[in-house]
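Letter by letter, the chains look like this.
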Amino acid sequence: MQTLRDLKKGEYAIIQEISDNSLKLKLMEMGCIPGEVIRLSHIAPLGDPIAIDIQGYKLSLRLSEAGSIIIQKIVPEINKAPTR
Amino acid sequence: MEVQETILRVAITGNPNCGKTSVFNALTGLNQQVGNYAGTTVDKKTGVLVYNKSQRAKIIDLPGTYSIYPKSKDEEIAIDVIINPLSKEASDIILVVCDASNLKRNLLYYSQVSDLGKPVVLVLTMMDIAEKKGLDINLIVLSLLLGVKVVAVNPRNGKGIEKLKDTIFNTSRLTQNKLIDIYNLAPELIEEQRKRHPNFNDFQCFLEIYKTQREKLDGILADETIKRYAAIKVVLNESVTQREVKQSELSNNLDKILTHKIWGYVIFLFILFVIFESIFSVSKFPMLWIQQSFTWFGNYFAQHFPEGPLNDLLVHGVIAGLSGVIVFLPQIVSLFAFIAILEDTGYMSRVSFMMDKLMRRVGMNGKSVVPLISGVACAVPSIMATRSIENWKERIITIMVIPLMSCSARLPVYTLLISMIAPDKNIWGIFNVQGLILMGMYLIGFFSAITAAWVMKFVIQAKEKNYFILELPTYKAPRLKNILITLVEKSRTFIWEAGKVIVAVSVILWLAASFGPGKSFAKIEEKYSSEFYTKNFSSKEIVNFQKSEKLFASYAGHFGRLIEPAIKPLGFDWKIGIALFSSLAAREVFVGTMATIYNLGDESSSVNIRERMMEERDPVTLKPKYTLTVAFSLMLFYAFALQCMSTIATVYKETKTWKWATIQFIYTSSLAYIMSLVVYQLFK
């Protein structure tokens, strides 16, 4: 099982599920819905937090929150940027 | 015939960073008021929109919100206005502002608000950014699918604003299509609520369940969100087309530099440095003008109005006190301007992003950085700004250490003392010595705040899990109009709030310093009217002798000497004691008090306290009283002590208990005393 923690900078993934119930609603409201395509766009200078591209905007979260987002990595086809 | 005036009540709501405030400013202009929501310190921004002779609207700008289920204090307040029909601010129409370049997430909140059943208008902003992203939004299709009036606006050039006004005053509730079937998410629970609230629609019942029996909706809320997003996706598939465009990489490239491992921090420090240097160099001239006009005004007043106690009170009490503070307005305005620009461009959230890990180590949150930085302007709005921190412990720690950051009220005190001990010179051509010392004082404030937070991390028990989930908005050019309006508001509050206290304190102080117990004043006059004095001294000298002796014998003098034993180990005399005590109300009063005290002992009505204080000699040794060590000890005292009634009141209101306000007052006062004591005893 892979989580957002395992994603490397620039890689794309699909969100499968959010495992932490206490964060589930907040993360979903911010757009982290199962099936959504995300990309790891930035890592803070000290390695934590990270920022992802999701639904056309940038969202930052800590590695501890990223660990509760279960993902599946996808190989990016160059022209298929994440949709709106 | 009298025209019946109707006042429409309009609420503006939307996600943070969606351009809500720009829409509000475009609708109301400077026709705004800032108040508080009842029982809280949350800023309530209202404004009036005059449409025509008989129609006007009262518009309220609510704090930014991501969802109808609030996660933080300011979201709670916004949501209460939206959903609580008994709220004082309940509105007739709700404008939901959505960022067109980020429509999907913005529409989630829209769909929740719309389901409440109140008339809603959907306002789209940032159409130009959406355009650049290659998004073609068909407003007619969007309006048809959602069953709501859609107006696209651009507050920068005023496009669409007239149409929005027309829509507000001529709106009739459209169908406001429900995107999901709320009822089937929890049929039994909704039926149960319906019995209690027969007038509520399904979603209102659902929110009532959320309010009273949240645990029963576990899992259902996530399900609701997923379904809403799915429905929104369908709506957007029909109404938005994505053109192939070359995506602008500007924001991304800026991020590469501004959040770079090394450059990110270097640039951040550089920006801070520029801010502090310019506070000194740029503000120098307007400060001089203000000072000169006050001196002129004081002299004019003293000469042209009948002599007597009233004249004395106004010139040496009120005017001297006020000038000591208003003179610092340029510095405070420039500080607020820098903070407003950094927030408006989106840079501040990058600072939170870069600093989160460090802040977490000392028990705070990346979101604590903005309140801490604005703490250099004023602790009061900064403590209020901690409301965006969702976690209780991280928020309390941030509140507790904010007053250690050097706020602008200390600036007058520091400026005065630094100008007495350091030359106004540059080293290596660029660094102003006074600016460097000032920056040092700010660093002392910052590092002690960090240390105090680190200690509290171990002392305060956590109540819930903490997290950091923050949107990083795209970089934008600062919106001048928004910044100007913020500045006008802040300056108005500063002059009004600080002015009130200062005038009151000045008057009390003048009274305390101009009168003494019993017949002490009469005795002094008697003493100096004796032949010995009239023969050997000029009348001017006698007046000066009298004045300083009277101050010594006055109520203020008595009080100052009463506390002198306690502050003597810090290097302070009874005159400073009076100033210290009066600045319990607010720090900046120190300068005004010094002005009042020294003016009392001075014949000329010069408002220049700096020179007066530098001339001050020790009565025994005749050495200058304000040595490097005394000035430094005094600065340290001001760096730590919580001498600000507004802060104490704000902490009480924000935490709803006196516990934290009391702890804060005690720990900062002890720190101040100990630090001054150590420094004075070591270096005297």
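How each quantity is defined
- Sequence order as written defines the numbering, with residues in each chain counted from 1.
- All chains are assigned letters beginning with A, and all ligands numbers beginning with 1, in the order in which they are written.
- Local features in this predicted model are restricted to residues whose pLDDT is 70 or higher, and side-chain atom pairs enter the listing and the counts only when it is 80 or higher, whereas totals over whole chains, interfaces and linings include all residues.
- To obtain the side-chain values, all non-hydrogen atoms of the structure were used and water was disregarded.
- Secondary structure elements are defined from DSSP: runs of H or I of at least 4 residues count as helices, runs of E of at least 2 residues count as strands, and each element is numbered from the N terminus.
- When a residue's accessible area, from a 1.4 Å probe over protein chains only, is under 20% of the maximum for its type it is buried; when over 50% it is exposed; and in between it is partly exposed.
- In what follows, residue pairs with any heavy atoms lying within 4.5 Å of each other are defined as contacts.
- A quick way to say it: buried area is the sum, across both parts, of accessible area lost when two parts are put together, with a 1.4 Å probe.
- Any carboxyl oxygen of Asp or Glu that lies within 4 Å of a side-chain nitrogen of Lys or Arg is treated as forming a salt bridge with it.
- A 3.5 Å cut-off defines polar contacts: any pair of N or O atoms within that distance qualifies, except that in protein one atom must be a possible hydrogen donor and the other a possible acceptor, and neighbouring residues in sequence count only when both atoms are side-chain atoms.
- Polar here means any residue other than Ala, Val, Leu, Ile, Met, Phe, Trp, Tyr, Cys and Pro, which are nonpolar, and Asp, Glu, Lys and Arg, which are charged; Gly is therefore polar.
- Pairing of aromatic rings covers Phe, Tyr and Trp, the last counted by its six-membered ring, and requires centre-to-centre distances within 6.5 Å; plane angles under 30 degrees mean stacked, over 60 mean edge-to-face, and any other angle means tilted.
- Note on geometry: a ring has a charge over it if NZ (lysine) or CZ (arginine) is within 6 Å of the ring centre and within 35 degrees of the ring normal.
- The sign given to each residue is positive for Lys and Arg and negative for Asp and Glu; His and the chain ends receive no count.
- Note on pairing: two strands pair once DSSP finds at least 2 bridges between them.
- Angles here are taken between N-to-C directions and fall from 0 to 180 degrees, while the axes themselves are lines fitted to C-alpha atoms, restricted in helices to the stretch in contact.
- Residues enter a nonpolar core if they are buried and are Ala, Val, Leu, Ile, Met, Phe, Trp, Tyr or Cys, with the set joined through side-chain atoms within 4.5 Å.
- Residue ranges assigned to the domains are those given by an automatic or database domain assignment.
- Should the near helix be turned counterclockwise from the far one by less than a right angle, the crossing is left-handed, whereas a clockwise turn marks it as right-handed.
- Only residues whose relative accessible area exceeds 30% and that take part in no salt bridge are eligible for patches, with like-charged residues grouped when within 9 Å of each other and nonpolar side chains (Val, Leu, Ile, Met, Phe, Trp, Tyr) grouped when within 5 Å.
- Only the protein chains shown count as covering a residue, and every accessible area follows the Shrake-Rupley method with a 1.4 Å probe.

**Here's the deal with the overall build of chain A**
Here is step 1: Along the backbone of chain A there are two helices and six strands.
Here is step 2: Seen in sequence order, chain A has helices and strands lined up from the N terminus as β-β-α-β-β-β-α-β.
Here is step 3: Within chain A, the fraction of its 84 residues that count as buried is 55%.
Here is step 4: The contacts of chain A with a sequence gap of at least 6 include a subset with a gap of at least 24, amounting to 61%.

**A short note on unusual backbone geometry**
Here is step 1: Looking along the chain, the bond that leaves Asp48 of chain A and enters Pro49 of chain A is cis, with omega of -5°.
Here is step 2: One can find Pro49 of chain A in the loop between strand S3 (37-43) and strand S4 (50-54).
Here is step 3: A positive phi is found at Met126 of chain B, a non-glycine position, where the angle reads about 55°.
Here is step 4: With respect to the helices and strands, Met126 of chain B occurs in the loop between strand S6 (120-125) and helix H4 (127-132).
Here is step 5: Under the relative-accessibility criterion, Met126 of chain B is labelled buried at 11%.

**Focus: the interface of chain A and chain B**
Here is step 1: Taken together, the contacts link 34 residues of chain A with 45 residues of chain B.
Here is step 2: Between chain A and chain B lies a buried interface of about 3,600 Å² when both sides are counted; carbon and sulfur atoms form 59% of it.
Here is step 3: On the surface where chain A and chain B come into contact, there are five salt bridges.
Here is step 4: In this structure, Glu36 of chain A engages Lys104 of chain B in a salt bridge whose closest nitrogen and oxygen atoms are separated by 3.3 Å.
Here is step 5: On the surface where chain A and chain B come into contact, there are 16 residue pairs in polar contact (both at pLDDT 80 or more).
Here is step 6: Among the elements of the structure, helix H1 (21-29), S3, S4 and strand S5 (57-61) of chain A are those that each provide at least two residues to the side of chain A that touches chain B.
Here is step 7: When residues in the side of chain A that touches chain B are grouped by element, the largest group, eight residues, is from H1 of chain A.
Here is step 8: The class makeup of the residues in the side of chain A that touches chain B is 17 nonpolar, six polar and 11 charged.

**Concerning the packing of aromatic side chains**
Here is step 1: The final tally for this structure, using the stated rule, is 12 aromatic pairs over all chains.
Here is step 2: The interplanar angle of 55° and the centroid separation of 4.6 Å between the aromatic rings of Tyr69 of chain B and Tyr210 of chain B together place this pair among those described as tilted. Here the residue Tyr69 of chain B occupies a position in the loop between strand S4 (55-61) and helix H2 (73-83), and Tyr210 of chain B occupies one in helix H8 (residues 202-212), the gap between them amounting to 141 residues. A single burial state applies to Tyr69 of chain B and to Tyr210 of chain B, both of which are buried.
Here is step 3: Measuring from centroid to centroid gives 6.4 Å for Phe637 of chain B and Tyr638 of chain B, while their planes differ by 70°, and the two rings are edge-to-face. Judged on exposure class, the residue Phe637 of chain B and its partner Tyr638 of chain B are both buried.
Here is step 4: Members of the aromatic cluster, connected to one another through ring pairs, are Phe572, Phe590, Phe637 and Tyr638 of chain B.
Here is step 5: Cation over ring: Arg105 of chain B sits above Tyr57 of chain A, and NZ or CZ is 4.2 Å from the ring centre.

**What about the pattern of salt bridges?**
Here is step 1: Summed over all chains, the structure comprises 26 salt bridges over all chains.
Here is step 2: Taken together, the shared-partner salt bridges connect Asp48 and Arg62 of chain A together with Asp356, Arg360 and Glu394 of chain B into one network.

**Some points on the side chain of Lys476 of chain B**
All names here are of chain B.
Here is step 1: One can find Lys476 in the loop between strand S12 (469-472) and helix H21 (480-514).
Here is step 2: Buried charged residue Lys476 carries no salt bridge. Nearest counter-charge: Asp99, at 5.5 Å.
Here is step 3: What Lys476 contacts, discounting residues up to four positions off in sequence, is Asn17, Met126, Ile129, Arg156, Asp344 and Thr345.

**Quick notes on the sheet that holds S5 of chain A**
Here is step 1: The strand order across the open sheet formed by seven strands is S1(A)-S6(A)-S2(A)-S3(A)-S4(A)-S5(A)-S12(B), and the pairing between neighbours is antiparallel. In this open sheet, the two strands that pair with only one neighbour each are strand S1 (2-3) of chain A together with S12 of chain B.
Here is step 2: Across five bridges, the pairing between S3 of chain A and S4 of chain A is antiparallel. Directly across from Leu40 of chain A, in S4 of chain A, lies its bridge partner Ile52 of chain A.
Here is step 3: Of the strands in this sheet, S3, S4 and S5 of chain A together with S12 of chain B touch helix H15 (residues 347-361) of chain B, which is tilted by about 140° from S12 of chain B.

**Topic: the nonpolar core**
Here is step 1: Of all hydrophobic cores here, the largest spans 83 residues; its most connected members are Met364, Val401 and Phe590 of chain B.
Here is step 2: Shared between two domains, this core holds at least three residues of each, these being domain 2 (257-291 + 302-309 + 327-459) and domain 3 (480-683) of chain B.
Here is step 3: Once residues within four sequence positions are removed from consideration, Met364 of chain B is found in contact with Arg62 of chain A together with Met359, Leu372, Glu394, Ile397, Thr398, Val401, Ile450 and Ala453 of chain B.
Here is step 4: Grouped together as the second largest cluster of nonpolar side chains are 80 residues, Leu61 and Ile71 of chain A together with Val120 and Leu185 of chain B included.

**Overview of the environment of Leu404 of chain B**
Here is step 1: By the element assignment, Leu404 of chain B lies in the loop between helix H18 (392-401) and helix H19 (410-421).
Here is step 2: Separated by 84 residues in the primary sequence, Leu404 of chain B and Ala320 of chain B place their C-alpha atoms 28 Å from one another.

**Examining the pairing of S3 of chain A**
Residues and elements named next belong to chain A.
Here is step 1: Relative to S3, strand S2 (residues 12-18) is paired through three bridges, and the arrangement is antiparallel. Counted as the bridge partner of Ile14 is Val37 from S3.
Here is step 2: Counting the residues that bridge the hairpin from S3 to S4 gives six residues, and of these Gly47 lies at a positive phi of roughly 90°.

**Looking at the packing of helix H3 (residues 103-114) of chain B against helix H9 (residues 220-239) of chain B**
All names here are of chain B.
Here is step 1: Relative orientation of the contacting elements H3 and H9 amounts to 115°, with a least axis distance of 9 Å. Seen from above, H3 lies across H9 with right-handed handedness. Where H3 approaches H9, its residues Leu103, Lys104, Arg105, Leu107, Leu108, Ser111 and Gln112 are matched on the opposing element by Glu224, Thr225, Arg228, Tyr229, Ile232, Lys233 and Leu236.
Here is step 2: Here the residues of the contact of H3 with H9 are counted per class, giving six nonpolar, three polar and five charged.

**Quick look at the side chain of Gln55 of chain A**
All names here are of chain A.
Here is step 1: The topology assignment puts Gln55 in the loop between S4 and S5.
Here is step 2: A polar side-chain atom of Gln55 sits 3.4 Å from the main-chain carbonyl oxygen of Gly31.
Here is step 3: Only 3.4 Å separates the side chain of Gln55 from the side chain of Glu36, close enough to count as a polar contact.

**Looking at a nonpolar patch on the surface**
Residue and element names in this part refer to chain B.
Here is step 1: On the surface, Tyr673, Ile674, Val678, Leu682 and Phe683 cluster together into a nonpolar patch covering about 500 Å² of accessible area.
Here is step 2: Within the fold, Tyr673 resides in helix H31 (residues 658-683).
Here is step 3: For Tyr673, a relative accessible area of 30% corresponds to the partly exposed category.

**So, the pairing of strand S6 (residues 69-74) of chain A**
Every regular strand shows the same layout, with side chains that alternate between the two sheet faces.
Residues and elements named next belong to chain A.
Here is step 1: Across two bridges, the pairing between S1 and S6 is antiparallel. Residue pairing in the sheet places Thr3 in a bridge with Ile70 of S6.
Here is step 2: Two elements, S2 and S6, share six bridges in a ladder whose sense is antiparallel. Opposite Ala13, over in S6, you have Lys73 as the bridge partner.

**Considering the domain arrangement of chain B**
Residue and element names in this part refer to chain B.
Here is step 1: In terms of domains, chain B is made up of domain 1 (1-246), domain 2 (257-291 + 302-309 + 327-459) and domain 3 (480-683).
Here is step 2: Of the roughly 3,700 Å² buried between domain 2 and domain 3 on both sides combined, carbon and sulfur atoms contribute 79%.
Here is step 3: On the surface where domain 2 and domain 3 come into contact, there are two salt bridges.
Here is step 4: Across the salt bridge formed by Arg387 and Glu654, the nearest N and O atoms sit 3.0 Å from each other.
Here is step 5: Connecting domain 2 to domain 3 are seven residue pairs in polar contact (both at pLDDT 80 or more).
Here is step 6: If you list the elements that add at least two residues to the side of domain 2 that touches domain 3, you get helix H14 (329-345), helix H17 (379-385), H18, H19 and helix H20 (433-459).

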